[in-house]
Amino acid sequence: CSQRLSGSGLPRRSPWAKTGAMKRVLRASLDTVAHLEYLLEPAAQVEGLWIGKECHMPENEIGTMVIKAAIEVHRVLGPGLLESVYEVALAYELEQMGLSVRRQVPVPIRFKSIQFDEGFRADLVVEDRVICELKSVERESRAHKKQLQTHLKLSGRKLGYLLNFGAALMKEGITRAVNKLEE
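Engineer: Summarise the pairing of strand E6 (residues 159-164); cite the residues concerned and give the values.
Structural biologist: On any regular strand, side chains alternate: one points to one face of the sheet, the next to the other face. Of all 6 residues that make up E6, 6 are buried, and the element is covered over most of its length. Neither face of E6 is left uncovered, since the one carrying Leu159, Tyr161 and Leu163 and the one carrying Gly160, Leu162 and Asn164 both have all their residues buried. Pairing between E6 and strand E7 (residues 174-178): 5 bridges, direction antiparallel. In the strand pairing of E7, leucine 163 is matched with isoleucine 174.

The structure is reproduced here in structure tokens:
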């Protein structure tokens, strides 16, 4: 029982491994680790500055992650599915990267003295800073690009992406739009 694993310094077989004591110690350790991960979660998620549970990552870094996630979704699913399928898949992929994502976000707008509670719906809003407008069309139009630009302007956000999953290659379906973003 005193043989050691090479380089690990641990015995090959613990004399108390068959008892419940080892299981209790292991379970307590796992609970402690899970609690510590919860407390440290924001700092450990993605590169960037986290204060509390809020991300202060620059929009461009979030945008880079959006592009990576979109390429991965397109690589796995391919073109030609409904926009809603890509929306769910992209939201999932971004959440797996540690980003907060909201789907079909109503964005209120003001016109003179009138407040519209739901001026438009953003397909995805990532970290409450980047808008993603998703399409699944053979060819995007200028109207799609103008729509994204208007969404950015009215919401006060600085960066947005028009992601057309209908393109043969995802890189051909990515359009970046900015609204007073400092590069």
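Engineer: Give a detailed account of a nonpolar patch on the surface, specifying residues and quantitative values.
Structural biologist: On the surface, Val76, Leu77, Leu81, Leu82 and Val85 cluster together to form a nonpolar patch covering roughly 420 Å² of accessible area. Mapped onto the secondary structure, leucine 77 falls in helix H2 (residues 59-77). What makes leucine 77 partly exposed here is its relative accessible area of 36%.

Engineer: Give a description of unusual backbone geometry that names residues and reports values.
Structural biologist: Apart from glycine, the bulk of residues carry a negative phi angle, and the bulk of peptide bonds sit in the trans form. The phi torsion at glutamine 104 lies on the positive side, around 45 degrees, for a residue other than glycine. Within the fold, glutamine 104 resides in strand E3 (residues 101-111). When its relative accessible area of 29% is taken as the criterion, glutamine 104 is described as partly exposed. Of note in the backbone geometry, lysine 112 takes a positive phi value of approximately 55 degrees without being a glycine. According to the relative accessible area criterion, lysine 112 is exposed, its value standing at 72%.

The rules behind the values
- Residue positions within a chain follow its written sequence, with the count starting from 1.
- Under the rules for a predicted model, residues below a pLDDT of 70 receive no local features and side-chain atom pairs below 80 are neither given nor counted, while totals for whole chains, interfaces and linings still include all residues.
- Computation of side-chain values covers all heavy atoms of the structure but excludes hydrogens and water.
- The buried label applies to any residue whose accessible area, calculated with a 1.4 Å probe on protein chains only, is under 20% of its type's maximum; exposed applies above 50%, and partly exposed to all values in between.
- Note on conventions: DSSP H or I runs of at least 4 residues are helices, E runs of at least 2 residues are strands, and numbering of each starts at the N terminus.
- By this definition, two strands are paired if DSSP reports at least two bridges between them.
- Each patch is built from residues that are more than 30% exposed by relative accessible area and take part in no salt bridge. Like charges join if they lie within 9 Å; nonpolar side chains (Val, Leu, Ile, Met, Phe, Trp, Tyr) join within 5 Å.
- For the area figures, the Shrake-Rupley method with a 1.4 Å probe applies, and any residue is considered shielded solely by the protein chains shown.
- Here, a salt bridge means any Lys or Arg side-chain nitrogen found within 4 Å of an Asp or Glu carboxyl oxygen.

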